[in-house]
Amino acid sequence: MERKNLRCVILGFDGLEYNIVKKFDLKSLKQAEYGKIRIPKEFYIKVNCEPYKHPIYEPWTPLIWYSFITGRFPSEEFQRDMENLGKWNNKAVNLVDRLMRKLIKIGFSDMYRVKKVLSLLGIRKRLPTTKDYNVPTIFDLTKRAVVIDVPTYTENWSFGLTASPDENLRDFINRSLTYELKRFDSLKKRVLSLLKGENWTLLMMYTKLLDTFGELSFNDKLISTYFMVNNFVGKVRDMVGDSSFILIISDHGTERIGETNFGKHSDHAFYSINIPIKLKNPKITDFFNVINMVLAAKSKEELISHKNYR
């Protein structure tokens with residue numbers, strides 16, 4: 001009887017911070033091998049830096065997930081579309097949008113109103129996906145891939161909630177935290193249910209839970225979500241055991257801004273794997289090759305013995 005290849009489970013946690021995992025000794029997140037991931041400077045953008053005197057640069061989520069699932073740097077077209085916060089479903093409006101952004105600076109409240117008016121006409125904006133650019137992804141490595149809410153791939157992926165111009169900050173924070181907790185609760189049930197089945201060889205899920213709490217509520221509430229995530233990962237590990245390669249991955253970490261309850265992206269991401277393959281200072285683009293090797297391996301021993309992970 002022909003042996004089955006290894007299966008691969010990818011747990012994507014936006015904003016999962018290496019230093020918090022280490023500090024609180026979160027054992028389910030600390031698998032047989034874990035560490036930091038280098039984020040190339042090409043993936044950094046300048047963010048709103050008020051009230052700071054100097055610009056702040058940090059890793060940008062969509063560029064990193066694009067590179068994780070494709071194994072390559074984002075195309076110029078993708079970066080341009082992301083800087084415009086997506087594409088309109090109307091070519092003429094897309095053209096006018098690009099011209100307007102070059103000629104004048106459009107404020108948040110102005111763009112909010114423009115989007116509201118255009119939506120009444122059936123013209124909406126969506127964030128681009130790798131499918132728009134015919135770029136191969138890790139999900140093309142197998143015919144049995146299950147993909148749940150992965151940025152730059154899943155249709156209708158998003159950055160999260162958007163505040164309306166008349167909404168105060170406290171209400172927006174509470175609404176965002178509640179929203180992500182509900183989404184994570186639903187995600188956990190869906191993932192654990194799917195893992196019981198046999199009709200998959202690669203399963204990847206994504207949640208923005210830790211990033212949302214890390215940026216908006218860097219306090220005890222954030223730490224409680226880490227224990228929540230650690231508990232969920234423990235259930236996944238108990239369910240699949242060594243029959244699957246488990247990769248826990250983030251696009252960046254999160255660190256506190258001064259003494260506030262707000263956070264920003266740190267300069268590294270996090271990875272953790274249940275089968276040690278001795279990665280050395282991995283970059284986010286290296287994991288495409290790793291996953292390819294996993295799906296080709298017949299056993300844990302074969303995977304460990306392989307030498308070409310870069």
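Residues numbered from 1 in each chain as written. Predicted model: local features only at pLDDT ≥ 70, side-chain atom pairs only at ≥ 80, totals over all residues. Heavy atoms only, no water.

Asker: For unusual backbone geometry, give the residues involved together with the corresponding values.
Answerer: For Asp25, which is not glycine, the phi torsion reads 50° and is therefore positive. As for its placement among the helices and strands, Asp25 is situated in the loop between helix H1 (18-23) and strand E2 (33-38). Judged by relative accessible area, which is 33%, Asp25 ranks as partly exposed. (Helix = DSSP H or I, 4+ residues; strand = E, 2+ residues; numbered from the N terminus. Buried < 20%, exposed > 50% of the residue type's maximum accessible area, 1.4 Å probe, protein only.)

Asker: So, the layout of surface pockets: which residues are in play, and what are the values?
Answerer: One simple way to see leftover space: roll a probe sized like a water molecule over the atoms. Counted as a void, the second largest pocket has a volume near 240 Å³. The wall of the second largest pocket is formed by 16 residues, among which Asp149, Trp157, Ser158, Arg183 and Tyr206 lie closest to the centre. Counting residues per element, the ones that place at least two in the lining of the second largest pocket are helix H6 (169-195) and strand E8 (202-207). Ranked by the residues each element gives to the lining of the second largest pocket, the list is headed by H6, at 5 residues. Along the lines of polarity and charge, the residues of the lining of the second largest pocket split into 6 nonpolar, 5 polar and 5 charged. (1 Å grid on protein atoms, 1.4 Å probe; cavity = no way out; pocket = protein on both sides within 12 Å on 5 of 7 lines; lining within 4 Å. Points joined across faces, edges and corners; volume = space filled by probe spheres on them. Nonpolar A, V, L, I, M, F, W, Y, C, P; charged D, E, K, R; others polar.)

Asker: Outline the packing of aromatic side chains, supporting the account with residue identities and numerical values.
Answerer: A complete count under the given rule lists 15 aromatic pairs for this structure. Centroid distance Trp65 to Tyr206: 5.5 Å. Interplanar angle 85°. Geometry classified as edge-to-face. In this pair, Trp65 sits in helix H2 (residues 61-70) while Tyr206 sits in strand E8, placing the two residues 141 residues apart along the sequence. When its relative accessible area of 8% is taken as the criterion, Tyr206 is described as buried. Between Phe68 and Phe287 the ring centres are 6.2 Å apart and the planes differ by 50°, which places this aromatic pair in the tilted class. In this pair, Phe68 sits in helix H2 while Phe287 sits in helix H9 (residues 287-296), placing the two residues 219 residues apart along the sequence. Residue classification places Phe68 among the buried residues on the basis of a relative accessible area of 0%. Joined through ring pairs, the aromatic side chains of Trp65, Phe68, Tyr206, Tyr271 and Phe287 make up one cluster. Over the face of the ring belonging to Tyr153 we find Lys131, whose NZ or CZ atom lies 4.4 Å from the ring centre. (Phe/Tyr/Trp six-rings, centres within 6.5 Å; stacked < 30°, edge-to-face > 60°. Lys NZ or Arg CZ within 6 Å of the ring centre and 35° of its normal.)

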